[in-house]
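Examination of the molecular architecture
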Amino acid sequence: MKKLALALAVILLFSAAALAAPKSYEWKLSHIRPQDSPIDLDVKVFVKNVADRSGGRIKINIFGSSGLGDYQVVHERVGLGSVDMAVQSMGTQADQTMQIVNLCYLIKGWDEAKKYMSLNSPMMKWVAGRLEKQDIKLIGIWPVYFGGTALSKEPTEPFNPSAKKNVKVRVPGSKIWELLAESQGYQATPLPFSEVFTSLQSGMVDGAIGAGAEGYYSNFRDVIKYYMPNNTHFELWFFIMNKELYDSLSPEDRKIIDEEALAMENRRFVSGPEQQAMYEKKLEEYGIKLLRPTPEAIQKFADVSHEKVWPELRKLLGDKVFDEFVGFFK
């Protein structure tokens, strides 16, 4: 009996020690760019800092280049918990109103982006609340760039949004992008990102809207001849995490994740403007002609979008959602 009691005591002692020890984790983190791209490098810093601060207990494996699926698929998988974390464009299949985060010609510069679109802004709190209904926790944002138009042939009157361009462009698969392309005189063709290169290569489309200089340089520089930085939209990627997983963490581990995600966001608001200019220069050095509009021309694009795109999106999403979102920027 004494031996049995001793054995039970040892088991209880080890069980208590196991329960008291901080848990270890191994997670999957998805993003949509190639290795050593700006987001890949920033994510690597995040992963290293989390590992260091957790004493190696939190190991995060990075899957770039949409290796775990298209961003729409990954968004759903984060909500289900089969992918733990992702930094990417907003998935809109579960909540079509979320396409409003890409509303065209909403802001004019990086300073406004930081003011209105940082994690703790009213706009992002609104986004976070809607994501939580999908079992997704918003832990940070990664501001990418102001978008532009990539083309394999020069359009008619490129700086005149009212001119018919006689050019078919790829757009992402949500109504806001179709409306934007059509408002600038293009024929819109919705296509998944994974099909854009071959579609440009084959001539199925003559251009693309929905990305910016870095995106076009990284993915399509061999199949485009022109780039117009006409500030179509301000691209944001959302650093998301499965909410059930996040809620299960200890307060100490949640603090590590929160602080490192915010640090990554802050670093990007500093490096983003410089990298946007750098990639425009890279495109030019690669032999791609930049069609650079004047500030007055960009304002014309904005005016047309406000006149033609915004009212249609209001009809699509409803007055309440549209007015609530746009109200964050007044």
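Residues numbered from 1 in each chain as written. Predicted model: local features only at pLDDT ≥ 70, side-chain atom pairs only at ≥ 80, totals over all residues. Heavy atoms only, no water.

Let us look at the overall build of the protein chain. For the protein chain, the count of helices and strands is 12 helices and 11 strands. If you line up the protein chain on its principal axes, its C-alpha atoms span 95 × 45 × 35 Å. Scored against the burial criterion, the 330 residues of the protein chain give a buried share of 54%. Here the protein chain displays about 15300 Å² of accessible surface, and carbon together with sulfur accounts for 54% of that area. Of note, the protein chain has its 41 positive side-chain charges centred 2 Å away from the centre of its 41 negative side-chain charges. (Helix = DSSP H or I, 4+ residues; strand = E, 2+ residues; numbered from the N terminus. Buried < 20%, exposed > 50% of the residue type's maximum accessible area, 1.4 Å probe, protein only. Areas by Shrake-Rupley, 256 points an atom, 1.4 Å probe, with all protein chains shown as cover. Lys, Arg positive; Asp, Glu negative; His and termini not counted. Charge placed at Lys NZ, Arg CZ, Asp CG, Glu CD.)

Attention now goes to the sheet that holds strand β6 (residues 168-171). Backbone hydrogen bonds hold the strands of a sheet together, and the pairing may be parallel or antiparallel. The sheet built from 6 strands is open, its strands ordered β7-β6-β8-β5-β9-β11 with mixed pairing. In the strand order of this sheet, the two ends are held by β7 (187-190) and β11 (289-290), each with one partner. Bridge analysis of β6 against β7 gives 4 bridges, and the strand direction is parallel. Paired with K168 across the bridge in β7 is Q187. Sheet strands touched by helix α8 (residues 213-220): β5 (148-151), β8 (207-211) and β9 (226-228). Its angle to β8, the strand with the most contacts, is close to 130 degrees. (Pairing = 2+ DSSP bridges. Contact = heavy atoms within 4.5 Å. Axes fitted to C-alpha atoms, helices over the stretch in contact; angles between N-to-C directions.)

Turning our eyes to something else, we now look at the sheet that holds strand β4 (residues 136-146). If you walk across this open sheet you meet the 5 strands as β2-β1-β3-β10-β4, and the pairing is mixed. With partners counted over all chains shown, the strands left at the sheet margins are β2 (58-63) and β4, one partner each. Strand-to-strand twist in this sheet, taken as the mean axis angle between neighbours without regard to direction, amounts to 15 degrees. Across 3 bridges, strand β1 (residues 25-31) lies against strand β3 (residues 85-88) in parallel orientation. From the neighbouring strand, H31 faces β3, where its bridge partner is V87.

Right, let's get into the packing of helix α4 (residues 110-117) against helix α10 (residues 251-285). Viewed as axis vectors pointing N to C, α4 and α10 meet at an angle of 155 degrees, and their least axial separation amounts to 11 Å. Classified by the angle between their axes, α4 and α10 sit roughly antiparallel to one another. By crossing handedness, the relation of α4 to α10 is classed as right-handed. In contact with W110, A113 and K114 of α4, α10 contributes N266, R268, F269, G272, P273 and Q276. Looking at the contact of α4 with α10 residue by residue, the classes come out as 4 nonpolar, 3 polar and 2 charged. (Parallel < 35°, antiparallel > 145°, perpendicular 65-115°, else oblique. Left-handed = near helix turned anticlockwise from the far one by under 90°. Nonpolar A, V, L, I, M, F, W, Y, C, P; charged D, E, K, R; others polar.)

To continue, consider the environment of V223. The topology assignment puts V223 in the loop between α8 and β9. Here V223 falls in the buried class, since its relative accessible area comes to 13%. For the pair V223 and G55, spaced 168 residues apart in the sequence, the C-alpha separation amounts to 46 Å. Sequence-distant contacts of V223, that is, excluding residues within four places in its chain, are made with S152, F197, L200 and Q201.

A few words on the nonpolar core. Judged by nonpolar contacts, the single largest core of 60 residues is most densely connected at M117, V127, L138 and F238. Core analysis: the second largest hydrophobic core is formed by 46 residues, W27, I58, M85 and L200 among them. (Core = buried A, V, L, I, M, F, W, Y, C linked by side-chain atoms within 4.5 Å.)

Before going further, it helps to spend a moment on the pattern of salt bridges. Inspection of the entire model under this criterion finds 16 salt bridges. E280 serves as the salt-bridge partner of R292, at 3.2 Å between the closest nitrogen and oxygen. Here E280 lies in helix α10 and R292 lies in the loop between β11 and α11 (295-317), a separation of 12 residues in the sequence. As a salt-bridge pair, R314 and D323 come within 2.7 Å of each other at their nearest N and O atoms. (Salt bridge = Lys/Arg side-chain N within 4 Å of Asp/Glu carboxyl O.)

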